[in-house]
Amino acid sequence: VNTWKHPLEIPPPSEKDWPKEEEDFFLLDPDQERDALPQPFRMINKLVMQVFESAMEIIERREMLQEAQKRKVQPEKCFPTAEFQVTGRANCLAVSGKFIFVGLSVGLAAFNTCDFKDVCAWDAAKTEICAIHTLDLGNECHVLLTVDEMGLVWLFCFHKESFLLIKILNEVEDISQRSACVEVVLSRGGDYAGILLQGKCRNMPYNTKAWLEIYQLPKDSWLTEMEKNAGAAEGLACSARRSSCSYEVDSFLLQELPVSAIQADVELDLPVLLLTVRPPKPITGTSFKGPLDALKEVDDGSMLGLGYNHLIKDSQWELQEAIFRSTYQEYLEAEGVIEEEVPRHATFHFLPPSWILMGPEMKVQPDIPVGIGVHWDGNHNFCLYLLNHSLKEKADSDLKPDVVWPCAAPIACSAVSSCSRYLALAGEDATITIWDKHLGYPLCVTAILEERFVRSIHFL
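Predicted model only: the values in this text are computed from it and were never measured.

**Quick word on the confidence of the model for the chain**
Phase 1 of the analysis: On average, the chain scores 76 in pLDDT, and the residues at 70 or more come to 70%.
Phase 2 of the analysis: Taken element by element, the predicted model of the chain shows its lowest mean pLDDT in strand β13 (residues 250-253) (38) and its highest in strand β7 (residues 141-148) (92).
Phase 3 of the analysis: Confidence drops under pLDDT 50 across residues 300-308; counting only partners more than four residues distant or on other chains, this segment forms 11 contacts.

The structure is reproduced here in structure tokens:
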């Protein structure tokens, strides 16, 4: 009989006795061993749980975004207080004083912003108005410059709720010589108006596709004449007005608006053409036959020299161009060089009095412009012209600028500050120069590090 010398004891647990498949077996519920799914169903259960967790994450993310949106300031919703229904198509509108002027496909209309009622309409020419520029001259008188679909500029005076057509600025008898308006600018006080035209320029010695015309508007005489004929203007004003209450807001139909315009009873002075500014001409040879002819035309006593090689003639330029074309003819034909002149565009601003234009000794009104600043596309210079040129200078075919501000690169765009003292010029090399127009010198030059093309610039 075998007997144990020592009593039986339970051996202590060791890691080798632990199950190898499930390391966290001690965390499992013993009852789950009975409910364990077979293999294909366990994989399906795992996929379903992943889809559920992903859906919960998406729901929580959307709830966070909704809470953040609620904390933001909600914009106020504005509803129209009045509705103006017009026939045709409304192309543009402008506000001046208490009136809204609307350019339509059949003419021009005016509405009152105080009582939301129609005032009058003008459709005598049955033309489509595409742009409107207006300014309040005071004493219930407004000046309007409109551009139609053909590029014609119509000058109107609106007084006592009636339109008066003063003049079509770029109208010509020969339709083949008609020019189209590209841009219209009114000075701040309504004393001057500038229009940029493109087309065949009349009475010009060389072929220019674009030019700028500056007009002086006799607004003082207009106001005086309107006051004298106030009774006639009121008699010809619109008398029949109709309002509809079929909607909750006021609604007005233009087809029943009376057409009004002051006819021969009131004759206003026509605007005066002050300047005609053209793009700078390319460098060409002189028209003088010799140095002595050039010396005779010099009025300030300066000398050009007595030699015969100091001036470049047209024939020399033509010879150089012929040599260039003969040398590089194959390259010019391969690239398909086209010598058609492309119409140029200009940006211009009306400038108030300053030392650089008038000088400190001259007395002028601070609110009336004394000059214009112009820069043409692809040109390096910002040119300043005075508006008080003599008649001889007005008739000159090639008006020279009074002041030139050069830039290192072609000027791409420009802007004038609200105080009219500072001018910003942006070049095609992404440099911005701030000029002091009162003193006439640049204040600072800023270069954009990245290679960007500045298309527009504004003062804030």
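Once you've had a look at it, read on.
**Structural notes on the packing of aromatic side chains**
Centre distance and the angle of the planes are the two values used to describe a pair of aromatic rings.
Phase 1 of the analysis: Counted by the stated rule, this structure contains 13 aromatic pairs.
Phase 2 of the analysis: Judged by centre distance (5.0 Å) and plane angle (80°), the rings of F101 and F158 are edge-to-face. A residue pair is termed long-range when its members are at least 10 positions apart, and F101 in strand β3 (residues 99-104) and F158 in strand β8 (residues 153-159) qualify at 57 residues. Neither F101 nor F158 differs from the other in exposure class; each is buried.

**Considering the pairing of strand β10 (residues 179-186)**
Phase 1 of the analysis: In the sheet, β10 pairs with strand β11 (residues 192-199) via seven bridges, with the strands oriented antiparallel. Bridge pairing in β11 places S179 opposite G199.
Phase 2 of the analysis: Between β10 and β11, which pair antiparallel in sequence order, lie five residues; one of them, G190, sits at a positive phi of approximately 80°.

**Digging into the pairing of strand β20 (residues 422-427)**
Phase 1 of the analysis: With five of six residues buried, β20 is to be regarded as a mostly interior element.
Phase 2 of the analysis: Here strand β19 (residues 411-416) pairs with β20 via five bridges, running antiparallel. Bridge pairing in β20 places C413 opposite A426.
Phase 3 of the analysis: Where β19 folds back on β20, the antiparallel hairpin that results is connected by five residues, among which S420 adopts a positive phi of roughly 65°.
Phase 4 of the analysis: The sheet contact formed by β20 and strand β21 (residues 431-436) spans five bridges and is antiparallel. Of the residues in β21, the one forming a bridge with L425 is T433.
Phase 5 of the analysis: Hairpin connection between β20 and β21: a loop of three residues separates the two successive antiparallel strands, and A430 in this loop has a positive phi of roughly 65°.

**Topic: the sheet that holds strand β12 (residues 210-216)**
Paired through their backbone hydrogen bonds, the strands of a sheet run either parallel or antiparallel.
Phase 1 of the analysis: If you trace the four strands from one edge of the open sheet to the other, you get β10-β11-β12-β14, paired in antiparallel fashion. Both edges of this open sheet fall to β10 and β14 (272-277), since each of them pairs with a single strand only. For this sheet, the mean angle separating the axes of adjacent strands, direction not counted, is 25°.
Phase 2 of the analysis: Bridging between β11 and β12 involves seven bridges; their strand directions are antiparallel. Residue Q198 lies in a different strand from β12, and its bridge partner there is A210.

**Digging into the sheet that holds strand β4 (residues 107-112)**
Phase 1 of the analysis: A sheet is described by the order of its strands in space; here four strands give the open sequence β2-β3-β4-β5, paired in antiparallel fashion. Looking at the sheet topology across the chains shown, the edges are occupied by β2 (90-96) and β5 (117-122). Averaged over all pairs of adjacent strands, the angle between strand axes in this sheet comes to 20°, irrespective of strand direction.
Phase 2 of the analysis: In the sheet, β2 pairs with β3 via six bridges, with the strands oriented antiparallel. What sits directly across from A94, in β3, is F101.

**Considering the layout of surface pockets**
Phase 1 of the analysis: One number sums up the size of the largest pocket: a volume of about 440 Å³.
Phase 2 of the analysis: As for the largest pocket, its lining consists of 19 residues, of which L186, S187, R188, F350 and S420 are closest to the centre.
Phase 3 of the analysis: Every element with two or more residues in the lining of the largest pocket is listed here: β10 and β15 (346-351).
Phase 4 of the analysis: Looking at which element gives the most residues to the lining of the largest pocket, the answer is β15, with five residues.
Phase 5 of the analysis: Residues that form the lining of the largest pocket fall into these classes: 11 nonpolar, five polar and three charged.
Phase 6 of the analysis: Counting contributing residues, the lining of the largest pocket receives three or more from each of domain 1 (90-227 + 266-277) and domain 2 (291-447).

**A few points about the nonpolar core**
Phase 1 of the analysis: Counting residues in each nonpolar core, the largest one holds 24 residues, and the members touching the most others are L145, L155, I195 and W222.
Phase 2 of the analysis: Of all the elements in the fold, those that place two or more residues in this core are β7, β8, β9 (163-168), β10, β11, β12 and α3 (219-228).
Phase 3 of the analysis: In terms of residues, this core owes the most to one element, β7, which gives four residues.
Phase 4 of the analysis: V185, A210, I214 and A346 belong to the second-largest nonpolar core, a separate cluster that totals 19 residues.

**Re unusual backbone geometry**
Phase 1 of the analysis: In the Ramachandran plot, K126 falls in the positive-phi region, its phi being about 55° despite a non-glycine side chain.
Phase 2 of the analysis: By the secondary structure assignment, K126 is in the loop between β5 and β6 (129-138).
Phase 3 of the analysis: Even without being glycine, K160 reaches a positive phi, approximately 55°.
Phase 4 of the analysis: Relative to the elements of secondary structure, K160 occurs in the loop between β8 and β9.
Phase 5 of the analysis: Overall, K160 belongs to the partly exposed group, its relative accessible area being 24%.

**Thoughts on a negative patch on the surface**
Phase 1 of the analysis: Residues E53, E57, E60, E63 and E67 make up a contiguous surface patch of negative charge.
Phase 2 of the analysis: Along the chain, E60 turns up in helix α2 (residues 39-71).
Phase 3 of the analysis: Taking the relative accessible area as the measure of exposure, E60 reaches 46% and is therefore partly exposed.

**Re α3**
Phase 1 of the analysis: When α3 is considered as a whole, its buried residues turn out to be K219, W222, L223 and M226. Along the axis of α3, the buried positions cluster into a sector of 95°, meaning they face one direction only. Among the exposed residues of α3, those pointing more than 90 degrees away from its buried face are D220 and K228.

How each quantity is defined
- Residues numbered from 1 in each chain as written.
- Predicted model: local features only at pLDDT ≥ 70, side-chain atom pairs only at ≥ 80, totals over all residues.
- Heavy atoms only, no water.
- pLDDT = per-residue confidence, 0-100.
- Helix = DSSP H or I, 4+ residues; strand = E, 2+ residues; numbered from the N terminus.
- Contact = heavy atoms within 4.5 Å.
- Phe/Tyr/Trp six-rings, centres within 6.5 Å; stacked < 30°, edge-to-face > 60°.
- Buried < 20%, exposed > 50% of the residue type's maximum accessible area, 1.4 Å probe, protein only.
- Pairing = 2+ DSSP bridges.
- Axes fitted to C-alpha atoms, helices over the stretch in contact; angles between N-to-C directions.
- 1 Å grid on protein atoms, 1.4 Å probe; cavity = no way out; pocket = protein on both sides within 12 Å on 5 of 7 lines; lining within 4 Å.
- Points joined across faces, edges and corners; volume = space filled by probe spheres on them.
- Nonpolar A, V, L, I, M, F, W, Y, C, P; charged D, E, K, R; others polar.
- Domains from an automatic or database assignment.
- Core = buried A, V, L, I, M, F, W, Y, C linked by side-chain atoms within 4.5 Å.
- Patch = residues over 30% accessible without salt bridge, like charges linked within 9 Å, V, L, I, M, F, W, Y side chains within 5 Å.
- Areas by Shrake-Rupley, 256 points an atom, 1.4 Å probe, with all protein chains shown as cover.
- Salt bridge = Lys/Arg side-chain N within 4 Å of Asp/Glu carboxyl O.
- Lys, Arg positive; Asp, Glu negative; His and termini not counted.
- Charge placed at Lys NZ, Arg CZ, Asp CG, Glu CD.
- Arc of directions from axis to C-beta.

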